[in-house]
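# Analysis of the macromolecular model
The chain contents come next:
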Amino acid sequence: MRELTDCPANGLTSIRGTGDQPGNSSGELTGMVLRIERTSIHDGQGLRTVIFLKGCPLRCAWCSTPESQRPEPERGYVPARCEGCGLCVRACPAGALALSAQDGKVSLDPAKCRHCFTCAAKCPHNAVKPYGRLLSVTETVREISKDEIFFFYSGGGVTISGGEPLNQAGFVAEVLRQCRELGIHTALETSFYAPFESIQSILPWLDVLYVDIKHMTEEAHRHWVGVSNSLILDNLRKADSSEDSPDIILRLPLIPGVNDSDENLAAVAEFCQSLRRLQEIELLPYHRLGLETYKSLQKDYPLQDLVPPQRERVRERAVFLARQVPAVPVRAGGELVK
């Protein structure tokens with residue numbers, strides 16, 4: 001696999017300004033939101049409203065949400081659903097779409113596209129998928145607040161995820177601050193690949209912090225993820241020692257043949273020994289649920305031949321890890337192994 005470098009498109013230089021969007025007409029800070037999912041049970045305690053943001057400096061080979069990688073809006077297109085009616089072509093205000101005389105499918109001129117998503121609104125067959133929209137802090141908190149009744153009865157709350165939410169640290173910090181003022185439990189899912197100043201601005205407003213550990217070897221991390229892991233590990237140490245640090249849960253996406261070896265899991269366990277705020281380690285078994293999205297974005301999936309691990313293999317790896325770090329609970333596929 002080709003190695004990515006720490007360039008503006010994929011690395012640290014792209015996130016020094018936190019990636020926050022300019023304010024709206026009222027001057028309020030806005031964020032590029034991918035989607036909002038409600039009543040999730042996989043992103044923290046209780047029922048969660050999850051705010052997925054766009055933009056990520058990592059390029060994990062196994063990424064299941066390729067639509068979250070780029071920081072700007074994107075247009076997905078599913079040719080199998082397209083009936084060639086031409087409604088989207090005629091509706092496009094920029095003249096960016098054309099109907100092929102050969103196969104009756106729609107082609108896009110990216111240079112003309114304004115990402116207004118008029119085409120998506122006009123398509124009667126849902127062949128066009130809009131990825132990304134600007135929301136203000138007020139709009140985002142209003143959407144979260146709609147689910148307060150579920151939070152109250154389930155012990156849930158809001159989780160900010162990505163992409164990489166630290167790309168928009170100012171927006172995230174303000175959303176979380178207002179949620180905390182409303183008594184809403186807050187959580188963040190992050191790769192921790194960001195300047196520590198961005199992390200510091202968010203820590204005071206967090207109840208739980210979920211951080212991914214992709215690989216403990218720097219060379220392998222660069223190969224499979226596109227960037228070094230040194231900043232991530234350093235940020236974890238700093239956050240763990242911060243007075244504002246919330247509870248920390250480490251997540252390891254378990255990718256067969258990539259990071260599921262005894263050596264890597266033992267290295268994860270060794271690193272975890274020094275983290276005083278660590279509450280749990282969670283293994284996330286590799287899956288292929290994002291394949292259709294790759295197709296809709298006309299992107300190639302890097303791991304075409306990789307097969308998800310069997311449940312027995314996932315549990316065996318979790319048990320092995322648990323033996324290496326007996327003081328910390330280990331969870332796999334939602335199941336606590338000790």
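First, a word on what this report is: a plain description of the structure on this page. (Residues numbered from 1 in each chain as written. Predicted model: local features only at pLDDT ≥ 70, side-chain atom pairs only at ≥ 80, totals over all residues. Heavy atoms only, no water.)

### Things to note about the overall build of the protein chain
- Along its length, the protein chain carries eleven helices and 14 strands.
- Computed over C-alpha atoms, the radius of gyration of the protein chain comes to 21 Å, within 12% of the 20 Å expected from 2.2 N^0.38 for 338 residues, which places it in the range of a compact globule.
- Principal axes of the C-alpha set define a box for the protein chain whose edges measure 65 × 45 × 40 Å.
- By the burial criterion, 52% of the 338 residues in the protein chain qualify as buried.
- Sequence separation of at least 24 residues holds for 69% of the intrachain contacts in the protein chain that already meet a minimum separation of 6.
- Put simply, the protein chain shows about 15,500 Å² of open surface, and 50% of that area lies on carbon and sulfur atoms.
- Considering the protein chain, the positive charge centre built from 38 side chains and the negative charge centre built from 42 side chains are found 5 Å apart. (Helix = DSSP H or I, 4+ residues; strand = E, 2+ residues; numbered from the N terminus. Rg over C-alpha atoms; globule rule 2.2 N^0.38 Å. Buried < 20%, exposed > 50% of the residue type's maximum accessible area, 1.4 Å probe, protein only. Contact = heavy atoms within 4.5 Å. Areas by Shrake-Rupley, 256 points an atom, 1.4 Å probe, with all protein chains shown as cover. Lys, Arg positive; Asp, Glu negative; His and termini not counted. Charge placed at Lys NZ, Arg CZ, Asp CG, Glu CD.)

### Comments concerning the pattern of salt bridges
- Under the criterion given, the structure shown has 24 salt bridges.
- Note that Arg38 and Glu143 form a salt bridge whose closest N and O atoms lie 2.4 Å from each other. Pair noted here: Arg38 is in strand β1 (residues 30-40) and Glu143 is in helix α3 (residues 137-145), with a separation of 105 residues, a long-range link.
- By sharing partners, the salt bridges in this structure join Asp260, Asp262, Arg313, Glu316 and Arg317 into a single network. (Salt bridge = Lys/Arg side-chain N within 4 Å of Asp/Glu carboxyl O.)

### Here's the deal with helix α5 (residues 169-181)
- With 13 residues, α5 extends 18 Å between its outermost C-alpha atoms, agreeing within 8% with the 18 Å of an ideal straight helix rising 1.5 Å per residue.
- What α5 keeps buried is the set Ala169, Phe171, Val172, Ala173, Val175, Leu176 and Cys179.
- One or two residues past the end of α5 sits Gly183, with phi positive at roughly 80°. (Expected span 1.5 Å × (residues − 1).)

### Describing the side chain of Gln69
- Here Gln69 lies in the loop between β2 (48-53) and β3 (74-77).
- For Gln69, a relative accessible area of 9% translates into the label buried.

### Points about helix α9 (residues 262-272)
- Every buried residue belonging to α9 is among Asn264, Leu265, Val268, Ala269, Phe271 and Cys272, and all of these are buried. The buried residues of α9 occupy one face: seen down the axis, they fall within an arc of 165°. Exposed and facing more than 90 degrees away from the buried side of α9 are Glu263 and Glu270.
- Elements that come into contact with the buried residues of α9 comprise α8 (230-241), β11 (247-254), β12 (278-285) and α11 (311-324). (Arc of directions from axis to C-beta.)

### Some details on the sheet that holds strand β7 (residues 133-136)
- Read across the sheet, ten strands follow the order β7-β1-β2-β8-β9-β10-β11-β12-β13-β14 without closing on themselves; strand pairing throughout is mixed. Edge positions in the open sheet fall to β7 and β14 (335-336), since each of these has one partner strand only.
- Of the strand pairs in this sheet, strand β10 (residues 208-212) and β11 are connected by five bridges, and their pairing is parallel. Across the sheet, residue Val208 finds its bridge partner in β11, namely Asp247.
- Along the sheet face, α3 touches β1, β2, β7 and β8 (157-161) and points at about 85° away from the line of β7. (Pairing = 2+ DSSP bridges. Axes fitted to C-alpha atoms, helices over the stretch in contact; angles between N-to-C directions.)

### Some details on the nonpolar core
- Residues Trp62, Ile160, Phe192, Ile202 and Leu250 are the most contacted members of the largest nonpolar core, which totals 75 residues.
- Ranked by residue count, the leading element in this core is α5, at seven residues.
- Those residues in contact with Ile202 that lie beyond four places of it in its chain are Leu166, Ala169, Val172, Ala173, Leu176 and Leu188.
- If you look at the next biggest cluster of nonpolar residues, it comprises 15 residues, including Cys88, Leu97, Cys113 and Cys123. (Core = buried A, V, L, I, M, F, W, Y, C linked by side-chain atoms within 4.5 Å.)

### Brief notes about a nonpolar patch on the surface
- Nonpolar side chains collect at one region of the surface, where Ile149, Phe150, Phe152 and Tyr153 lie side by side and expose about 510 Å² of accessible area between them.
- By secondary structure assignment, the location of Phe152 is in helix α4 (residues 148-154).
- Phe152 sits in the exposed class, given a relative accessible area of 63%. (Patch = residues over 30% accessible without salt bridge, like charges linked within 9 Å, V, L, I, M, F, W, Y side chains within 5 Å.)

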